[in-house]
Amino acid sequence: MKLSQLTIHEASDLLTKGDISSVELTTDVFSRIDQIEDQVKAYITQNREPALQQAEAADQARRDGEVAPLCGIPLAIKDVICTKGLTTTAGSRILENFTPPYDATVMEKLQAQGAVCLGKVSMDEFAMGSGNENCAFGTPKNPWSLDHICGGSSGGSAAAVAADECLASLGSDTGGSIRQPASHCGVVGIKPTYGRVSRFGLLAFASSLDQIGPLSKDVTDAALLLNGICGHDPRDSTSAAQKSEDYLAALQDGLSGLTVGIPQEYFGPGLNSEVETAVRHGIDLLVEAGATIKEVSLPHTEYGVAAYYIIAPAEASSNLARYDGVRYGHRNSDADSLIDLYRRSRSEGFGDEVKRRILIGTYALSSGYYDAYYKKASQVRTLIVNDYTEAFSQCDVLASPVSPIPAWKIGEKASDPLSVYLSDLLTIPANLAGIPGMSVPCGFSSTGLPIGLQLQAGHFQEATLIKTAYNLEQRLEITNKKPALG
Ligand code: GLN
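Residues numbered from 1 in each chain as written. Predicted model: local features only at pLDDT ≥ 70, side-chain atom pairs only at ≥ 80, totals over all residues. Heavy atoms only, no water.

1. Digging into the side chain of Asn132
As for its placement among the helices and strands, Asn132 is situated in the loop between β3 (116–121) and α5 (155–162). With a relative accessible area of 0%, Asn132 lands in the buried category. Side-chain polar atoms of Asn132 contact the backbone nitrogen of Gly156, separated by 3.2 Å. (Helix = DSSP H or I, 4+ residues; strand = E, 2+ residues; numbered from the N terminus. Buried < 20%, exposed > 50% of the residue type's maximum accessible area, 1.4 Å probe, protein only. Polar contact = N/O pair within 3.5 Å; in protein donor to acceptor, adjacent residues only side chain to side chain.)

2. Here's the deal with the packing of aromatic side chains
Under the defined criterion, the tally for this structure stands at 14 aromatic pairs. Consider the rings of Tyr369 and Tyr373, whose centres lie 6.1 Å apart with planes at 35°: the pair is tilted. With a relative accessible area of 35%, Tyr369 lands in the partly exposed category. Members of the aromatic cluster, connected to one another through ring pairs, are Phe98, Phe126, Tyr323, Tyr328 and Phe350. A cation over a ring is seen here: Lys481 above Phe444, with NZ or CZ 3.9 Å from the ring centre. (Phe/Tyr/Trp six-rings, centres within 6.5 Å; stacked < 30°, edge-to-face > 60°. Lys NZ or Arg CZ within 6 Å of the ring centre and 35° of its normal.)

3. Topic: the sheet that holds strand β5 (residues 188–191)
Judged by pairing direction, the sheet is mixed, and its 11 strands sit side by side in the order β1-β3-β2-β4-β6-β5-β10-β11-β9-β7-β8 without closing on themselves. Edge positions in the open sheet fall to β1 (43–46) and β8 (292–296), since each of these has one partner strand only. When strand polarity is set aside, the average angle formed by the axes of neighbouring strands in this sheet is 30°. Looking at chain direction, strand β2 (residues 74–78) and strand β4 (residues 168–173) are connected through 3 bridges and run parallel. The residue bridging Ala76 from the neighbouring strand is Ser169, located in β4. Where helix α3 (residues 48–64) meets the sheet, its contacts fall on β1 and β3, and the angle it forms with β3 comes to roughly 155°. Running at roughly 55° to strand β11 (residues 450–457), helix α8 (residues 273–288) makes contact with β7 (259–263), β8, β9 (397–401), β10 (437–444) and β11 of the sheet. (Pairing = 2+ DSSP bridges. Axes fitted to C-alpha atoms, helices over the stretch in contact; angles between N-to-C directions. Contact = heavy atoms within 4.5 Å.)

4. Considering helix α11 (residues 352–365)
Here α11 contains 14 residues, and its C-alpha end-to-end distance of 20 Å stays within 8% of the 20 Å for a straight helix at 1.5 Å per residue. Looking at the packing, one finds that the buried side of α11 touches α9 (304–319), α10 (338–349), α12 (371–391) and α13 (417–422). (Expected span 1.5 Å × (residues − 1).)

5. Topic: α5
Most of α5 sits out of view: 8 of its 8 residues are buried. With its phi angle positive at about 60°, Asp164 sits one or two positions after the end of α5.

6. A closer look at the environment of Trp408
Checked against the element boundaries, Trp408 lands in the loop between β9 and α13. Sequence separation of Trp408 and Gly270 is 138 residues, and the distance between their C-alpha atoms is 14 Å. With residues near it in sequence (within four places) discarded, Trp408 still touches Ser130, Gly131, Glu133, His148, Ile149, Gln180, His184, Lys413, Val420 and Ser423. Engagement of the side chain of Trp408 in a polar contact is seen with the side chain of Glu133, the distance being 3.2 Å.

Right under this line is the structure:
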């Protein structure tokens, strides 16, 4: 087995025993990147020299004494998370040359534990998209089938994990952007509870929805990485003053006494039959592991997409106002007035999807329309929250598909943004309610495309997600299957 194929926990064991060094591990991952990155295109910026220095420092720290499990582990970071001294583009021309003067809290935490930053991975521009086809610097490919999307918006994060171009990665999820690419690339992804992980240093898309989380090769690694990044941060006023938990401990728990709710609305029209078969098989395995199944209803699910496409663009139109060509980012050099500078810089810097969101959001917030759109959407949001409260009075965790369809062909939906929006039908509600959600691989389509099973639980119940996912993973035994690349 190549070192790049290791999981975090396997690599950590070998590092602890002294069988490998972080420099060897990191070097091997870079050779893997050299071998296949031309095909996959997961990275926007590689961080070669600094990564090797970090690996050396991690090896020294291990020689000096006890270290955290992430010490010396090479990770890829979504390009929307600020990295001091390392370009952070958010997949946008407007930030093509932006080098943050500070680190996001998650980066500080990872560095303090000795993790190695391999580089910054591709994403839809400002995290707006579901196929990673909206990145200004090209579209990464699904490692399982190179002419298919790898999902979005954290497409590079998922593709890099699936292709062994990193041991694990960080992504962000506003309406499904961790879970959906994780599902399409056959990796594990967790969107933690809103407030569980600090968003300080995450370039904001929709502030009431955004959350950072791990993508990994297996459930144990997701638990390890979540352990490493979660916790209260005084620099993020939305971060929860919740005590840190050891999510690894959850792996020991069985499923007896656990009630798994099956939300009937998540198995409605439009659900691909192969996705349904794989997910239902996954649910059967949860029963084998001791769980009880209960049909539940989340009656307002169908309104989630409509509410999200008011709330998220409204917040984005406000958050993206800061990219004005004056303070940072792309600046047009021919403008003849301040307004002209704003107009030209933003016209040149933003791509079509971002412009579409800014227009929708500005319209929805404009005077006279606020009540009809934003307020209405907020009311729908409350109904969705109430649906979950009712469902979680009857069950501990919800099991469903992540995406109603497997990955589509690159370009196939280019002229139909609405059908792309609709593919988030099953992931958006968790963001609207702020609850944690997870994607865990549960099978493949007949053409070999991965299919994920989504688990959702009540606020701060990540441990329930992790134990459920781990029990499923143990019974499925598909985590060793790798895409045929290189
Ligand atoms: N696909 C959704 C969108 O385009 C969600 C994106 C995300 O979670 N960042 O907005």
